[in-house]
Amino acid sequence: MRNLKKQIEENLLPLPFSLTQGYEKCLIRVKALLNLTQSLFDGVDAVVYLVDAFDKERFAESKKELDALLSDEVLANVPFLILGNKIDIPYAASEDELRYSLGLTNFTTGKGKVNLADSNVRPLEVFMCSIVRKMGYGDGFKWLSQYIK
Ligand SMILES: Nc1nc2c(ncn2[C@@H]2O[C@H](COP(=O)(O)OP(=O)(O)OP(=O)(O)O)[C@@H](O)[C@H]2O)c(=O)[nH]1
Ligand SMILES: [Mg+2]
């Protein structure tokens, strides 16, 4: 937190006179935001990505966000647990459907105990759950815990 505060201060305050014009100011702000995002992701042990499995209309949007996280170099090698929530609702997507819609069909690394330590493969799995019914996510977190040092 102290680090974040320092970065904001260094990047935003105080601005020298020559940098107070709109364009430079904007660039400085963007740089500060980028640094902030990097700092937020720095030291992350895992990502738990929760998707509403009933809201199929937004799967494309969800895929876009997920792809951005998966390709973020600060998160390279960080394990990803994808939770498909709300499966208590009839017509919620199945696990296969969600996996397909998020473009993960060939990227999941296997449930149970799978040793990936000697490979360059990022652990990634999809587990379906219902938070209101308190079911499904426990298995996901159990799976995830084997990859957290
Ligand atoms: N049936 C069901 N409802 C859930 C579950 N988990 C959360 N909800 C409900 O979903 C509602 C919130 O919907 P969300 O999709 O999380 O949020 P939102 O308001 O649609 O906003 P977005 O994040 O933009 O989708 C709340 O009423 C929760 O009680 C679940 O497992 N099953
Ligand atoms: Mg919603």
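Please refer to the structure placed before this passage.
Every value quoted in this text rests on a predicted model; they were computed, and no experiment measured them.

Just to check I follow, could you spell out the sheet that holds strand E3 (residues 124-128) for this structure?
For sheets, the rule is that strands pair by backbone hydrogen bonds, running either parallel or antiparallel. Taken together, 3 strands build an open sheet; the order of strands is E1-E2-E3 and the sheet is parallel. Of all the strands in the sheet, just strand E1 (47-52) and E3 have a single pairing partner and so form its edges. When the angles between neighbouring strand axes are averaged without regard to direction, this sheet yields 20 degrees. Relative to strand E2 (residues 80-85), E1 is paired through 6 bridges, and the arrangement is parallel. Looking across to E2, one finds that Leu50 is bridged to Leu83.

What exactly am I supposed to notice about the site of ligand 1 here?
Every residue lining ligand 1 is accounted for by Asp52, Asn85, Lys86, Asp88, Ile89, Ser130, Ile131 and Val132. When the residues that make up the shell around ligand 1 are grouped by side-chain class, the tally is 3 nonpolar, 2 polar and 3 charged.

Procedures and definitions
- Sequence positions are assigned chain by chain, starting from 1 and proceeding in written order.
- Whichever chain is written first is A, and whichever ligand is written first is 1; the rest continue in order.
- At least 70 in pLDDT is required for a residue's local features to be given in this predicted model, at least 80 for side-chain atom pairs to be given and counted, and no such filter applies to totals for whole chains, interfaces and linings, which use all residues.
- Strands are treated as partners if at least two bridges between them are detected by DSSP.
- Segments assigned H or I by DSSP are reported as helices when at least four residues long, segments assigned E as strands when at least two residues long, and all are numbered from the N terminus.
- Fitted lines through C-alpha atoms serve as axes, helices being fitted only where they are in contact, and the angles separating the N-to-C directions of these axes extend from 0 to 180 degrees.
- Contact assignment follows one rule, namely that a residue is near a molecule or strand if its backbone-placed C-beta atom lies within 6 Å of it.
- Three residue categories are used. Nonpolar comprises Ala, Val, Leu, Ile, Met, Phe, Trp, Tyr, Cys and Pro, charged comprises Asp, Glu, Lys and Arg, and polar comprises the others, including Gly.

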